[in-house]
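Structure at a glance
As a plain string of letters, each chain reads:
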Amino acid sequence: MTSFLVEGAAVLPMEGRRAHHDPGSVLVLDGVIAAVGSVDDVAAHPAAATVERIDATGHVVLPGLTNGHLHSGLLRGTAESMALWDWLEHHVDPAHRALTPEIAKAASYLAYTEGLRAGTTSVLDMWRYMEGSAEAAEEIGIRATLAPYTADRYDWFESLDTNRKLLESHRSAADGRVRSWVGLEHIFYCSDQMFRDAAALAEEFATGLHTHSSESLWEVQECLRRFGRRPLEEMYQRGILGPSTVIAHGVWLDDREVELMAQTGTSLTHCPCSNMKLASGPARVGHYRDAGMTVALGSDGEKENNNLDLFEEMKFASLLQKVSTLDPTVGDPWDVLDMATLSGARALGLDDVTGSIEDGKEADLVLVSLRGLHFVPVLRGDDFNVPAHLVFTATGHDVTDVWVRGRRLVADGEVISVDVPRIAADAQAAAEDLFARRAALPAIDPTPPPRPPTPARAKSPPPRNA
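1. Details of the overall build of the protein chain
Looking only at helices and strands, the protein chain has 16 helices and 19 strands in total. Its C-alpha atoms give the protein chain a radius of gyration of 22 Å, within 12% of the compact-globule value 23 Å for 466 residues. Taking the principal axes of its C-alpha atoms as reference, the protein chain extends roughly 70 × 45 × 40 Å. Look at the contacts in the protein chain between residues 6 or more apart in sequence, and 72% of them connect residues 24 or more apart. As presented, the protein chain carries roughly 17,700 Å² of accessible surface, and 51% of it is formed by carbon and sulfur atoms. The average position of the 42 basic charges and that of the 67 acidic charges among the side chains of the protein chain differ by 4 Å.

This is the structure in structure tokens:
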């Protein structure tokens, strides 16, 4: 079904004007939004009476959510209460050493299906053996932008050569729904030359680039020690900042780095749950947006979250801003919803086709039930409180239906595009295989970067511009 009418819902177009239609309707013809507005206005469209009608009374319809930083994976719940760099060295890196294409593909099937069930229609995934990720995204029906983990200081990640092969085979697949980018791991995992080569590769294929930066305070201090510059200043010198680049985390940006990001048009993905769980710190998201940066929202991986529910991520994105600034006025629900929708699509260069409910855009839609006790009261008029309910009350379990390009992928709370029990069973078997393989690995001597000592107790962070 790619032509239909969603009628009677509260509609949040998220086109940048904080507008809503309540009750409203959305008309989709051949997978494209043909009309959005009040029930009466949309009903007047000549095609409205010719398509299937979906009674969405008691629901809200909003654009499909964009997860702007994801790692497929199978380590959930197994490496808890650890500092970031110890966690990477002792759990994540050994898992990469043990990974196989079959295990990697099973992880992507699991991650994409889980996210879809909770309303995510588009992901930026950094993973490995991503031909399998492309297969998963194509079958499940979501949008996926694939950016491989690459590094040249370790031999268990992807290389720019394998990244090139992915670009050659999957630069654009599934009629443009699945795309490949250039990926880079942390700055300490990649040489200066690799950064420059990655920028050249992205330019050659006219594609985007994705990496991590400024996730921990130690990372900033170590960059200053090694390079004499803060991480984003060093990345600017290495030539990777620009409108086609998305930086994950950006927790510890000073004002000069924020200015660099805004001036170059570089986007940032905020991952509040991961940043809290790994004790990385609170990003100054409100300041970043005020400075003109495009800020998307991401879950990070299942191992550092531990779920892929962007509704939960929205709640924490707001609350973390409030508690870290002691300012209850920041983290406005409309702003946070924008990060998960239009700004997320803009960061990925997809805002011309998705991210908002507008005439001519492709129909990536999410229907959320407001009928649970936890939503009472739903108010209208001057007291319209649906945006607040979506950010502070809803979870992915309240999602009832999801469409991508007008194709229904979730119906009545169940993913219908793939065999979910099979995906879960395959992922369980793959995880058991991964852990057995990891346990059998020979020990290796630690390699750079050096890991910071784990502090005996938390200390207050220094001023951002100290």
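Still more to cover.
2. What about the side chain of threonine 121?
Relative to the helices and strands, threonine 121 resides in strand β7 (residues 120-125). If we ignore the near neighbours within four places in the chain, the residues touching threonine 121 are Gly64, Leu65, Ile142, Arg143, Asp364, Val366, Val402, Trp403 and Val404.

3. Observations concerning the nonpolar core
Ranked by internal contacts, the top residues of the largest apolar core, which has 113 residues, are Leu12, Leu74, Tyr112, Tyr189, Met314 and Leu390. At nine residues, the largest contribution of residues to this core is made by helix α3 (residues 101-117). Once residues lying within four places of it in the same chain are set aside, the contact partners of leucine 390 are Leu12, Val60, Leu62, Phe311, Met314, Leu337 and Val368. Counting 15 residues, the second-largest nonpolar core is a separate cluster that includes Val11, Ile357, Leu367 and Trp403.

4. Regarding the sheet that holds β7
Taken in spatial order, the five strands of this open sheet run β6-β7-β8-β10-β9, and their pairing is mixed. Looking along the sheet, the strands with just one partner apiece sit at the ends: β6 (65-70) and β9 (172-173). Here β7 pairs with strand β8 (residues 143-146) via four bridges, running parallel. Looking across to β8, one finds that valine 123 is bridged to alanine 144. Strands β6, β7 and β8 of the sheet are contacted by α3, whose axis makes an angle of about 140° with β7. Against the sheet, helix α5 (residues 160-170) contacts β8, β9 and β10 (178-180), and its axis sits at roughly 145° relative to β10.

5. Let's talk about the confidence of the model for the protein chain
Of all residues in the protein chain, 95% have pLDDT values of 70 or greater, and the mean over the chain is 94. Predicted confidence for residues 453-466 stays below pLDDT 50, and this span has 14 contacts to residues more than four positions away or in other chains.

Thresholds, definitions, all that
Residues numbered from 1 in each chain as written. Predicted model: local features only at pLDDT ≥ 70, side-chain atom pairs only at ≥ 80, totals over all residues. Heavy atoms only, no water. Helix = DSSP H or I, 4+ residues; strand = E, 2+ residues; numbered from the N terminus. Rg over C-alpha atoms; globule rule 2.2 N^0.38 Å. Contact = heavy atoms within 4.5 Å. Areas by Shrake-Rupley, 256 points an atom, 1.4 Å probe, with all protein chains shown as cover. Lys, Arg positive; Asp, Glu negative; His and termini not counted. Charge placed at Lys NZ, Arg CZ, Asp CG, Glu CD. Core = buried A, V, L, I, M, F, W, Y, C linked by side-chain atoms within 4.5 Å. Buried < 20%, exposed > 50% of the residue type's maximum accessible area, 1.4 Å probe, protein only. Pairing = 2+ DSSP bridges. Axes fitted to C-alpha atoms, helices over the stretch in contact; angles between N-to-C directions. pLDDT = per-residue confidence, 0-100.

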